[in-house]
Amino acid sequence: MLKKPKGFILFFHGNGQNRSSHYLALSWVLEKGYDFFIFDYQGYGESEGKPSPEATVNDGIEAYRWFFQKSKQSRYAGSTLSIFAQSLGGAIALRSLAEYHQKN
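First, a word on scope: everything that follows refers to the structure included in this document. (Residues numbered from 1 in each chain as written. Predicted model: local features only at pLDDT ≥ 70, side-chain atom pairs only at ≥ 80, totals over all residues. Heavy atoms only, no water.)

Some details on the overall build of the protein chain
Helix and strand counts for the protein chain stand at three helices and three strands. Mapped in sequence order, the helices and strands of the protein chain form the string β-α-β-α-β-α. At 14 Å, the protein chain has a C-alpha radius of gyration in line with the 13 Å of a compact globule built from 104 residues. Residues classed as buried in the protein chain amount to 37% of the 104 residues present. For the protein chain, the proportion of contacts with a sequence separation of at least 24, taken over those separated by at least 6, is 68%. Summed over all atoms, the accessible surface of the protein chain reaches about 6400 Å², with 53% contributed by carbon and sulfur. The averaged location of the 9 negative side-chain charges in the protein chain is 10 Å from the averaged location of its 12 positive side-chain charges. (Helix = DSSP H or I, 4+ residues; strand = E, 2+ residues; numbered from the N terminus. Rg over C-alpha atoms; globule rule 2.2 N^0.38 Å. Buried < 20%, exposed > 50% of the residue type's maximum accessible area, 1.4 Å probe, protein only. Contact = heavy atoms within 4.5 Å. Areas by Shrake-Rupley, 256 points an atom, 1.4 Å probe, with all protein chains shown as cover. Lys, Arg positive; Asp, Glu negative; His and termini not counted. Charge placed at Lys NZ, Arg CZ, Asp CG, Glu CD.)

Considerations on helix α2 (residues 53-73)
End to end, α2 covers 31 Å across 21 residues, agreeing with the expected 30 Å (1.5 Å per residue, within 8%). Considered for burial, the residues of α2 that qualify are Ala 55, Thr 56, Val 57, Asp 59, Gly 60, Ile 61, Ala 63, Tyr 64, Phe 67 and Ser 71. Next to the buried residues of α2 lie β1 (8-12), β2 (35-38), β3 (81-85) and α3 (88-103). (Expected span 1.5 Å × (residues − 1).)

Examining the sheet that holds β1
Pairing within the open sheet is parallel, and its three strands lie in the order β2-β1-β3. At either end of the open sheet lies a strand with only one pairing partner, and these are β2 and β3. Each adjacent strand pair in this sheet contributes to an overall mean axis angle of 25 degrees, direction not counted. Strand direction decides the pairing type here: β1 and β3, joined by five bridges, are parallel. By the bridge assignment, Ile 9 is partnered in β3 with Ser 82. (Pairing = 2+ DSSP bridges. Axes fitted to C-alpha atoms, helices over the stretch in contact; angles between N-to-C directions.)

Side note on the pattern of salt bridges
Counted under the stated rule, the structure contains four salt bridges. In this structure, Asp 40 and Arg 19 form a salt bridge, with 3.2 Å as the shortest nitrogen-oxygen distance. With Asp 40 in the loop between β2 and α2 and Arg 19 in helix α1 (residues 19-22), this residue pair connects regions lying 21 residues apart in the sequence. Owing to a relative accessible area of 12%, Asp 40 belongs among the buried residues under this scheme. In this structure Arg 19 comes out as partly exposed when scored by relative accessible area, which is 39%. (Salt bridge = Lys/Arg side-chain N within 4 Å of Asp/Glu carboxyl O.)

Points about unusual backbone geometry
Not every positive phi belongs to a glycine, and Gln 17 is a case in point at roughly 65 degrees. Tracing the backbone shows Gln 17 in the loop between β1 and α1. For Ser 87, which is not glycine, the phi dihedral falls at a positive 50 degrees. Checked against the element boundaries, Ser 87 lands in the loop between β3 and α3.

Quick notes on the environment of Leu 10
Mapped onto the fold, Leu 10 is located in strand β1. In the structure, Leu 10 is positioned 71 residues away from Leu 81 in sequence and 7.2 Å away in space, judged by C-alpha atoms.

Following this line, the structure appears as structure tokens:
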């Protein structure tokens, strides 16, 4: 069984490139006992669809939904959620969280 992490970081990357290049920015936190999740927005990397403001926010909402569901029933239960965002990812992270809370 995997050890419970000290915390969890949800990673919203910027507009340039995709998760395959951005994940290295936080790879060091794994050695410190934290976990993180990075994802691509629609139209980035190998993801399907076309990028748009609405699509990126919807992807962010789904990332929050994934974490909040996992935090109820897994080793992430009770974990502190931190957000790491680069450039455009900052706007996506904030708007996604606001809309997630409006819908839930």
